[in-house]
Amino acid sequence: MSLESDIKKMVESIGLSLYDTAVLNENENTIFRVSVTAPGGVTLNQCAELTHLINPLLDVTSPVSGEYRLEVSSPGIERRLKTLEHFIQSVGEKVALSTISKEKYEGEMIGVENEEIILNTKEEGEKRIPFRSISKAKTYFEW
């Protein structure tokens with residue numbers, strides 16, 4: 001079993017869904033971030049409970065070498081999209097993405113079909129982008 005699958009089981013045991021895990025370096029600190037979701041949002045108490053569940057696992061199976069800090073949170077309104085499932089969960093939201101060939105698109109996420117991302121863009125209307133051609137994507141919020 002992998003560390004991520006063990007974490008996923010713990011996340012699901014308290015009624016949440018694992019969105020992503022990531023190792024980040026911020027201000028010379030290493031952070032192991034666990035992002036979780038739930039219908040209606042994630043509470044601070046759920047994040048604290050999950051932190052207490054995950055900590056003993058990380059004492060045995062460290063996600064990185066050296067010192068790090070564990071962060072458990074929701075991915076937020078503006079979040080990275082890395083998997084097809086992330087795109088499916090973002091239907092109805094605003095998405096900005098870049099392709100491997102440096103094309104950039106922004107628009108409302110309409111759906112996912114046959115491993116293609118379907119956006120409604122202001123410039124081109126409905127645009128289908130193959131998932132495999134996407135180099136970077138995130139949701140964004142217009143204030």
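As a reminder, the structure under discussion sits directly above these lines.
Computed from a prediction, not measured in an experiment: that's the story for all the values here.

Draft legend 1. Looking closely at the nonpolar core. Core analysis: the biggest nonpolar cluster contains 17 residues, and Ile-7, Val-34, Leu-50 and Ile-54 have the highest contact counts within it. Of all elements in the fold, only helix H1 (3-13), strand S2 (29-37), helix H2 (44-60) and strand S3 (69-73) reach the threshold of two or more residues within this core. Element by element, the count of residues in this core is highest for H2, at five residues. With residues near it in sequence (within four places) discarded, Val-34 still touches Ile-7, Leu-18, Asp-20, Thr-21, Ile-54, Leu-70, Glu-71, Val-72 and Ser-73. Leu-81, Leu-97, Ile-134 and Ala-137 belong to the second-largest nonpolar core, a separate cluster that totals twelve residues.

Draft legend 2. Spatial organisation of the packing of aromatic side chains. With the rule as written, the count across this model stands at two aromatic pairs. Judged by centre distance (5.9 Å) and plane angle (85 degrees), the rings of Phe-87 and Phe-131 are edge-to-face. Taken together, the residues span a long stretch of sequence, with Phe-87 in helix H3 (residues 84-89) and Phe-131 in the loop between strand S7 (125-130) and strand S8 (134-140) at a distance of 44 residues. Both rings, one in Phe-141 and one in Trp-143, keep their centres 4.7 Å apart while their planes meet at 75 degrees; by these two values the pair is edge-to-face. You can call Phe-141 partly exposed: its relative accessible area is 37%. Judged by its relative accessible area of 89%, Trp-143 is exposed.

Draft legend 3. Quick look at the pattern of salt bridges. With the rule as written, the count across this model stands at eleven salt bridges. Of the charged contacts, one joins Glu-124 and Lys-127 as a salt bridge, the two residues approaching to 3.6 Å between their closest N and O atoms. Glu-124 gets classed as partly exposed once you look at its relative accessible area, which sits at 46%. A relative accessible area of 22% places Lys-127 in the partly exposed class. For Arg-128, the salt bridge is made with Glu-126, and the minimal N-O distance between the two is 3.8 Å. Residue Arg-128 is classed as partly exposed on the basis of its relative accessible area, which comes to 37%. Each of Glu-26, Arg-33, Arg-69 and Glu-71 takes part in a single network of salt bridges with overlapping partners.

The rules we used
Residues numbered from 1 in each chain as written. Predicted model: local features only at pLDDT ≥ 70, side-chain atom pairs only at ≥ 80, totals over all residues. Heavy atoms only, no water. Core = buried A, V, L, I, M, F, W, Y, C linked by side-chain atoms within 4.5 Å. Buried < 20%, exposed > 50% of the residue type's maximum accessible area, 1.4 Å probe, protein only. Helix = DSSP H or I, 4+ residues; strand = E, 2+ residues; numbered from the N terminus. Contact = heavy atoms within 4.5 Å. Phe/Tyr/Trp six-rings, centres within 6.5 Å; stacked < 30°, edge-to-face > 60°. Salt bridge = Lys/Arg side-chain N within 4 Å of Asp/Glu carboxyl O.

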